[in-house]
Amino acid sequence: HLLILDEPTNHLDIDSRRALLDALNDYDGAVVIITHDRSLMDLVADRLWLTADGTVKPFQGDLDDYTRFVLDRAKAVSAGQAKPRAEGANSREARKAASAARMRIMPLKNEVQALEKKMDSISWSIGKLDQALADPELFSRDPDKAVSLGKDRARAQEELAETEAKWLAAAETYEAAKVEAGLA
């Protein structure tokens, strides 16, 4: 129940990358990912670990906090100063607050992602129905099946429209919550 992946998106095309992201998000076990791919981290990671100075420890901030930490550290090193502390009192509180805000809006993010998956599934089903309906002989060979497939397609199209409306509302709520929490 543990996957350890080192730069898993290297050399993947867009479709393979999307399939990997879906598989990782659906995986029930633990996943350790070593990556420089920021979008992969945004889409998959729920916890960050800092590997620095010969240690590995949980990083309490988000990717923006990590970026600031790395840049501040690089500036300090280039200026000849001592390495900045990874745990400052003020930054620690800010990271904790940001982490708490992310945890509060996580259900909204999960709802958006679930609706996106549902839209993908419905769109795939519509594509399959369209393929079947594209057979010109279907209507003469089995008109009842053609009618049934047409009704199935209409229902799927209606379900897709409803799901898209729910997704739009959920995405707006999620984005507003991110702004309110200071995460956008």
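Refer to the structure above for everything that follows.
Heads up: these notes are all about the structure in this document. All figures in this text were calculated on a predicted structure; none of them were measured in a lab.

Points about the pairing of strand 4 (residues 55–59)
Pairing analysis gives five bridges linking strand 3 (residues 48–52) to strand 4, with the strands arranged antiparallel. Residue pairing across strands places L48 opposite F59, the latter belonging to strand 4. As consecutive antiparallel partners, strand 3 and strand 4 are separated by two residues, and within that stretch D53 has a phi angle of approximately 55°, a positive value.

Topic: the nonpolar core
Nonpolar side chains tend to gather and get buried jointly when the protein is soluble and globular. With ten residues, the main nonpolar core is built from M119, I122, I126, L129, L133, L138, A146, L149, A156 and L160. Broken down by secondary-structure element, the contributors of at least two residues to this core are helix 4 (89–133) and helix 6 (143–180). Here the element with the most residues in this core is helix 4; it accounts for five residues. Beyond its immediate sequence surroundings of up to four residues, I122 is in contact with A156, E159, L160 and T163. Core analysis: the next-biggest nonpolar cluster, separate from the first, contains seven residues, I105, L115, A171 and A177 among them.

Quick look at the side chain of T163
Secondary-structure assignment places T163 in helix 6. Polar side-chain contacts of T163 include one of 2.8 Å to the backbone oxygen of E159. Aside from chain neighbours lying at most four places away, what touches T163 is L115, K118, M119 and I122.

Examining unusual backbone geometry
Even without glycine at this site, E7 takes up a positive phi of about 50°. Positive phi is not limited to glycine here, since H11 has a value of about 65°. The topology assignment puts H11 in the loop between strand 1 (2–6) and helix 1 (14–26). For H11, a relative accessible area of 85% corresponds to the exposed category.

Some details on the pairing of strand 2 (residues 30–34)
With five bridges joining them, strand 1 and strand 2 adopt parallel strand pairing. Within the sheet, the bridge partner assigned to D6 lies in strand 2 and is I34. Handedness of the crossover is the feature at issue here: the chain leaves strand 1, passes through helix 1, returns alongside strand 2, and the resulting connection is right-handed.

A few points about the environment of L108
Position of L108 among the secondary structure elements: in helix 4. A relative accessible area of 23% places L108 in the partly exposed class. Along the primary structure L108 and A170 are separated by 62 residues, whereas in three dimensions their C-alpha atoms are 6.9 Å apart. Among residues more than four places away in sequence, those in contact with L108 are T173, Y174 and A177.

Re the side chain of D62
If you trace the backbone, D62 turns up in the loop between strand 4 and helix 3 (63–78). The class of D62 is buried, set by a relative accessible area of 15%. At 2.9 Å, the side chain of D62 and the backbone nitrogen of D65 are in polar contact. Other than its neighbours up to four places away in sequence, D62 contacts L48, R102 and L183.

Each value, and the rule that gives it
Residues numbered from 1 in each chain as written. Predicted model: local features only at pLDDT ≥ 70, side-chain atom pairs only at ≥ 80, totals over all residues. Heavy atoms only, no water. Pairing = 2+ DSSP bridges. Helix = DSSP H or I, 4+ residues; strand = E, 2+ residues; numbered from the N terminus. Core = buried A, V, L, I, M, F, W, Y, C linked by side-chain atoms within 4.5 Å. Buried < 20%, exposed > 50% of the residue type's maximum accessible area, 1.4 Å probe, protein only. Contact = heavy atoms within 4.5 Å. Polar contact = N/O pair within 3.5 Å; in protein donor to acceptor, adjacent residues only side chain to side chain. Right-handed = clockwise from strand over helix to strand, strands pointing away.

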